[in-house]
Amino acid sequence: MVSSSDPVTVEIPPKSPDGSEKSPQSKELLTSNTASTLCISSRSESVWTSASRSKWDIYHKPVIVVSVGAAVFLFGIVITSLSCIQIRNKNVYKMCGPAFLSLGLMLLVCGLVWIPIIRKKQKQRQKSQFLQSIKSFFFNR
């Protein structure tokens, strides 16, 4: 137990030359290659890397949305047609059929609209890379 009369020594970490109170370990972390860390942790790596991506890498999300939307839409068509044929549980088919139709159609349209948006972004990205190369050519002389 430490009483108030006992001298207590507290170790104070040394301050860095610039006046901040960062430890040497944190200094080592700060002086690491930050650009490569950003490149690895970035959500859109294509901004940092110039490697070309395959068509599947670019369009896989909208293709999946379109295919799921088409499947749900077809399922809605089957359920709706069962409401016309089936005698039992007719109310259930009449309620679920249009719901699946609308959900499938919504996913289908969203995926089909997404594809031209990605194409436009790819063209803009190619233009900006071209303009950056022209700028670097003229300004780095």
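What counts as what
Residues numbered from 1 in each chain as written. Predicted model: local features only at pLDDT ≥ 70, side-chain atom pairs only at ≥ 80, totals over all residues. Heavy atoms only, no water. Helix = DSSP H or I, 4+ residues; strand = E, 2+ residues; numbered from the N terminus. Contact = heavy atoms within 4.5 Å. Areas by Shrake-Rupley, 256 points an atom, 1.4 Å probe, with all protein chains shown as cover. Buried < 20%, exposed > 50% of the residue type's maximum accessible area, 1.4 Å probe, protein only. Polar contact = N/O pair within 3.5 Å; in protein donor to acceptor, adjacent residues only side chain to side chain. Patch = residues over 30% accessible without salt bridge, like charges linked within 9 Å, V, L, I, M, F, W, Y side chains within 5 Å. Salt bridge = Lys/Arg side-chain N within 4 Å of Asp/Glu carboxyl O. Phe/Tyr/Trp six-rings, centres within 6.5 Å; stacked < 30°, edge-to-face > 60°. Lys, Arg positive; Asp, Glu negative; His and termini not counted. Charge placed at Lys NZ, Arg CZ, Asp CG, Glu CD.

**Some remarks on the overall build of the protein chain**
Alright, step 1. From N to C terminus, the protein chain includes four helices and zero strands.
Alright, step 2. For the protein chain, the N- to C-terminal ordering of α and β elements is α-α-α-α.
Alright, step 3. Contacts in the protein chain between residues far apart in sequence, at least 24 positions, make up 57% of those at least 6 positions apart.
Alright, step 4. Of the roughly 12,000 Å² that the protein chain leaves accessible, carbon and sulfur atoms contribute 65%.

**Some details on the environment of Pro-98**
Alright, step 1. Considering the arrangement of structural elements, one finds Pro-98 in helix α4 (residues 90–139).
Alright, step 2. What makes Pro-98 partly exposed here is its relative accessible area of 41%.
Alright, step 3. Taking the C-alpha atoms as reference points, Pro-98 and Ile-77, separated by 21 residues in sequence, lie 8.2 Å from one another.

**Some points on the environment of Leu-105**
Alright, step 1. Relative to the helices and strands, Leu-105 is located in helix α4.
Alright, step 2. We classify Leu-105 as partly exposed; its relative accessible area is 41%.
Alright, step 3. Along the primary structure Leu-105 and Phe-73 are separated by 32 residues, whereas in three dimensions their C-alpha atoms are 5.8 Å apart.

**Some remarks on the side chain of Ser-83**
Alright, step 1. As for its position among the elements, Ser-83 is in helix α3 (residues 55–85).
Alright, step 2. Residue class for Ser-83 comes out buried when judged on its relative accessible area of 6%.
Alright, step 3. Engagement of the side chain of Ser-83 in a polar contact is seen with the backbone oxygen of Thr-80, the distance being 2.5 Å.
Alright, step 4. When near neighbours in sequence (up to four residues on either side) are disregarded, Ser-83 contacts Lys-90, Tyr-93 and Lys-94.

**Here's the deal with a nonpolar patch on the surface**
Alright, step 1. Side chains of Phe-130, Leu-131, Ile-134, Phe-137, Phe-138 and Phe-139 sit close together on the surface and give an oily, nonpolar patch of about 690 Å² of accessible area.
Alright, step 2. For Phe-137, the position within the fold is in helix α4.

**Description of the packing of aromatic side chains**
Alright, step 1. Scanning the entire structure with this criterion turns up one aromatic pair.
Alright, step 2. Centre to centre, the rings of Phe-75 and Phe-100 are 4.8 Å apart; their planes meet at 85°, and the pair counts as edge-to-face. You can see Phe-75 sitting in helix α3 and its partner Phe-100 sitting in helix α4, a full 25 residues away along the chain.
Alright, step 3. Relative accessible area serves as the criterion here: at 30%, Phe-100 is assigned to the partly exposed category.

**Notes on a positive patch on the surface**
Alright, step 1. Positive charge collects at one region of the surface, where Lys-55, Arg-119, Lys-123 and Lys-127 lie side by side.
Alright, step 2. Within the secondary structure, Lys-127 sits in helix α4.

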